[in-house]
Amino acid sequence: MKLFVFVLLLSTSLRAADSLDTFIEEQRPSLIQLYEHLHAHPELSFHEEKTSARMADEIRKAGYEVTEKVGGFGVVAVLKNGPGRTVLVRTDLDGLPVREIGSVPYASKTTTKDDAGNEVSVMHACGHDMHMTCWIGAARALAASKDQWKGTLVFIAQPAEERGMGALAMIEDGLFQRFPKPDVCLALHCDSSLATGTFGFTSGPATASTDTVDIVVKGIGGHGAMPNLTKDPIVLASQIVLALQTIDSRELHPVEPVVITVGKFIGGTKSNIIPDKVELGLTVRTTTPETRKQVLDSIKRICRGLGIAAGLPENLLPKISLVGPGTPSLHNDPALTTRVTQVWADAFGKTSLVERKPTMAGEDFSRYTMTPDKIPVFLAWLGTVAPEKIEQAKATGEILPSLHSPFYRPEPAPSITFGVKAMTLAVLNELKRQ
């Protein structure tokens, strides 16, 4: 494997590192410490104040010019090193309202108020703490190797990825006007099913567009023993939940990927009281603008039709609303995907690369390619599970914790090692292109 000479910046002196592997090995204890701190102190979307400040401080120490509070708590760090290409590397900052279950010393015990005022637990259940750690590790490695490349680095730490709004907020705050405009954008995302030392990739369409839909199902409340004097919104909401599943199975082409999940169903206060309102919360995943429109239109039609069938007057028909702008589907640039995966195949071996089918998960990293410049982007999936755990699961039929699970935690040391090296090599390769 080709060796790279790096200069390691220490608190008191500079000294040469033998290679990128040596550099990462020396940095690993501090990176693990950083990871454990981030894991133990997660913050919700658009509330990433302390996380953002820590990321800004860490990358400023590596020699970058740092701007904070871009699009909320976004951080933009720039390192210029002569004429050449500009490469953007993104990490995300936010955690999820999930109560962590686990006994590791750095498990999150954080609780906070969400935007609705509810007391919730918070956890990095999607691996953003690992993303941030690899981001800092790669930033350090690239800053320490300025004699090996020319060009400009733009490292961004983005808020509110989990709400699909942080990338748009940074773009609208002038990301591509106030800072050097990138030639390509790169990102890593944890994978809860791949072994450490492996990387998942998808060329072309890679993730789904996402929409959050709130439905208020109204009714006329009353005594549970006298349903004939009411219009029961729980029965109507239940009919809506079941009817929504026919959109995919009966209205769309059989191979068109669509997911409609009702993740929230709130109604009633007591067993013998029929309430006057039920609240439904949906996530809708599609892969094309045409399918997205058809699905959203069908949701509105079904809700209205079932409300009319239940005998509700016009003013009590279900109310449907979209929450936020949604997240467009992500398309990995095929040429960029090929270049990066070839670099990784050379460095880690072809068996380290796993070509994945597109996922119905959402990723607002897609926003960075949707400006008029159509900047090429590539997001790869970082294996984070110990190989022996995967083998054991295959043997026993055990289901491994998924992303967003209260049990999900990456294997820190190997995930950091491979994540930092992979991103550093990918960036170096792009900087050296003519």
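Preceding this paragraph is the structure being described.
Residues numbered from 1 in each chain as written. Predicted model: local features only at pLDDT ≥ 70, side-chain atom pairs only at ≥ 80, totals over all residues. Heavy atoms only, no water.

K.L.:
In this structure, what is going on with the pairing of strand β9 (residues 184–195)? I would like to understand it.
P.N.:
Looking along a regular strand, one sees side chains alternate from face to face of the sheet. Burial runs high along β9: 11 of the 12 residues are buried. Note: strand β5 (residues 86–92) against β9, 4 bridges, orientation parallel. The partner of valine 87 across the bridge, within β9, is valine 184. (Buried < 20%, exposed > 50% of the residue type's maximum accessible area, 1.4 Å probe, protein only. Helix = DSSP H or I, 4+ residues; strand = E, 2+ residues; numbered from the N terminus. Pairing = 2+ DSSP bridges.)

K.L.:
Even after reading the chapter, I still don't get empty space enclosed by the protein, so can you show me in this structure?
P.N.:
Counting across every chain of the model gives 3 cavities of 30 Å³ or more. Space inside the largest cavity adds up to approximately 60 Å³. Elements represented by at least two residues in the lining of the largest cavity include exactly β5 and α3 (128–143). (1 Å grid on protein atoms, 1.4 Å probe; cavity = no way out; pocket = protein on both sides within 12 Å on 5 of 7 lines; lining within 4 Å. Points joined across faces, edges and corners; volume = space filled by probe spheres on them.)

K.L.:
Could you clarify how one ought to interpret the sheet that holds strand β12 (residues 209–218) in this entry?
P.N.:
Through backbone hydrogen bonds, the strands of a sheet pair up, either in parallel or in antiparallel fashion. In spatial order, the strands read β14-β16-β12-β17; together these 4 strands make up an open sheet with antiparallel pairing. Strands at the two margins of the open sheet, each flanked by one partner only, are β14 (259–267) and β17 (319–327). Taking the axes of each pair of neighbouring strands and ignoring which way they run, one obtains an average angle of 20 degrees across the sheet. Each of β12, β14 and β16 (277–286) touches helix α6 (residues 233–251); the most contacted strand, β14, lies at about 175 degrees to it. (Axes fitted to C-alpha atoms, helices over the stretch in contact; angles between N-to-C directions. Contact = heavy atoms within 4.5 Å.)

K.L.:
Would you mind showing me how to read helix α7 (residues 289–309) here?
P.N.:
Working note: α-helix, 3.6 residues per turn, so residues spaced by three or four point in the same direction. The terminal C-alpha atoms of α7, which comprises 21 residues, lie 30 Å apart, in line with the 30 Å expected from a rise of 1.5 Å per residue. Among the residues making up α7, those that are buried are Thr291, Val295, Leu296, Ser298, Ile299, Ile302, Cys303 and Gly307. The buried residues of α7 occupy an angular sector of 155 degrees when projected down its axis, which confines them to one face. Opposite the packed face of α7, turned more than 90 degrees from it, sit the exposed residues Pro289, Glu290, Lys293 and Ala309. As for α7, its buried residues are in contact with β12, α6, β14, β16 and β17. (Expected span 1.5 Å × (residues − 1). Arc of directions from axis to C-beta.)

K.L.:
Whenever I open this one, the pattern of salt bridges confuses me. Can you help?
P.N.:
Once the charged atoms of two side chains with opposite charge are near each other, the side chains can pair. All chains considered together, the criterion is met by 23 salt bridges. Among the ionic pairs, glutamate 68 bridges to arginine 60, the shortest N-O distance being 3.1 Å. Glutamate 68 sits in the partly exposed class, given a relative accessible area of 35%. We note a salt bridge from aspartate 297 to lysine 293, for which the minimum N-O separation is 2.8 Å. Taken together, the positions of aspartate 297 and lysine 293, both in helix α7 and 4 residues apart, correspond to about one turn of that helix. One network of salt bridges, with partners in common, ties together Arg90, Asp92, Glu363 and Asp364. (Salt bridge = Lys/Arg side-chain N within 4 Å of Asp/Glu carboxyl O.)

K.L.:
What exactly am I supposed to notice about the nonpolar core here?
P.N.:
Soluble, globular proteins show a tendency: their nonpolar side chains are buried together. Of all hydrophobic cores here, the largest spans 62 residues; its most connected members are Ile59, Tyr64, Leu153, Phe155, Leu186, Trp344 and Val427. Sort the elements by how many residues they give to this core and α3 lands first, with 10 residues. When near neighbours in sequence (up to four residues on either side) are disregarded, tyrosine 64 contacts Ile59, Ala77, Val78, Leu79, Ala139, Leu142, Ala143, Leu153 and Phe155. Listed in part, the 25 residues of the second largest apolar core include Val213, Ile215, Ile247 and Ile260. (Core = buried A, V, L, I, M, F, W, Y, C linked by side-chain atoms within 4.5 Å.)

K.L.:
Please explain the environment of aspartate 21 as it appears in this structure.
P.N.:
Tracing the sequence through the fold places aspartate 21 in helix α1 (residues 20–40). Once the C-alpha coordinates of aspartate 21 and threonine 417 are considered, the two residues, 396 residues apart in sequence, prove to be 8.4 Å apart.

K.L.:
Whenever I open this one, the layout of surface pockets confuses me. Can you help?
P.N.:
The gaps of empty space that remain are located by a probe, the size of a water molecule, rolled over the atoms. When its volume is computed, the largest pocket comes out at roughly 1,700 Å³. If you list the elements that add at least two residues to the lining of the largest pocket, you get β9, β12, β14, β16 and β17. A per-element tally of the lining of the largest pocket places β17 first, with 5 residues.

K.L.:
Sorry, what's going on with unusual backbone geometry here?
P.N.:
Residues other than glycine predominantly adopt negative phi, and peptide bonds predominantly adopt the trans conformation. Here the phi dihedral of phenylalanine 46 falls at roughly 65 degrees; this positive angle occurs in a residue that is not glycine. Following the sequence through the fold, phenylalanine 46 ends up in the loop between α1 and α2 (49–61). Relative accessible area serves as the criterion here: at 27%, phenylalanine 46 is assigned to the partly exposed category. Backbone geometry at histidine 404 places phi at a positive 75 degrees, although glycine is not the residue there. Within the fold, histidine 404 resides in the loop between α9 (387–396) and α10 (412–431). Residue histidine 404 is classed as partly exposed on the basis of its relative accessible area, which comes to 41%.

K.L.:
Where do I start with the side chain of glutamate 48 in this structure?
P.N.:
With respect to the helices and strands, the residue glutamate 48 is situated in the loop between α1 and α2. Within the buried core, glutamate 48 has no salt-bridge partner, and the shortest N-O distance to an opposite charge, that of arginine 163, equals 8.2 Å. Beyond its immediate sequence surroundings of up to four residues, glutamate 48 is in contact with Glu43, Phe73, Leu93, Asp94, Pro159 and Ala160. (Lys, Arg positive; Asp, Glu negative; His and termini not counted.)

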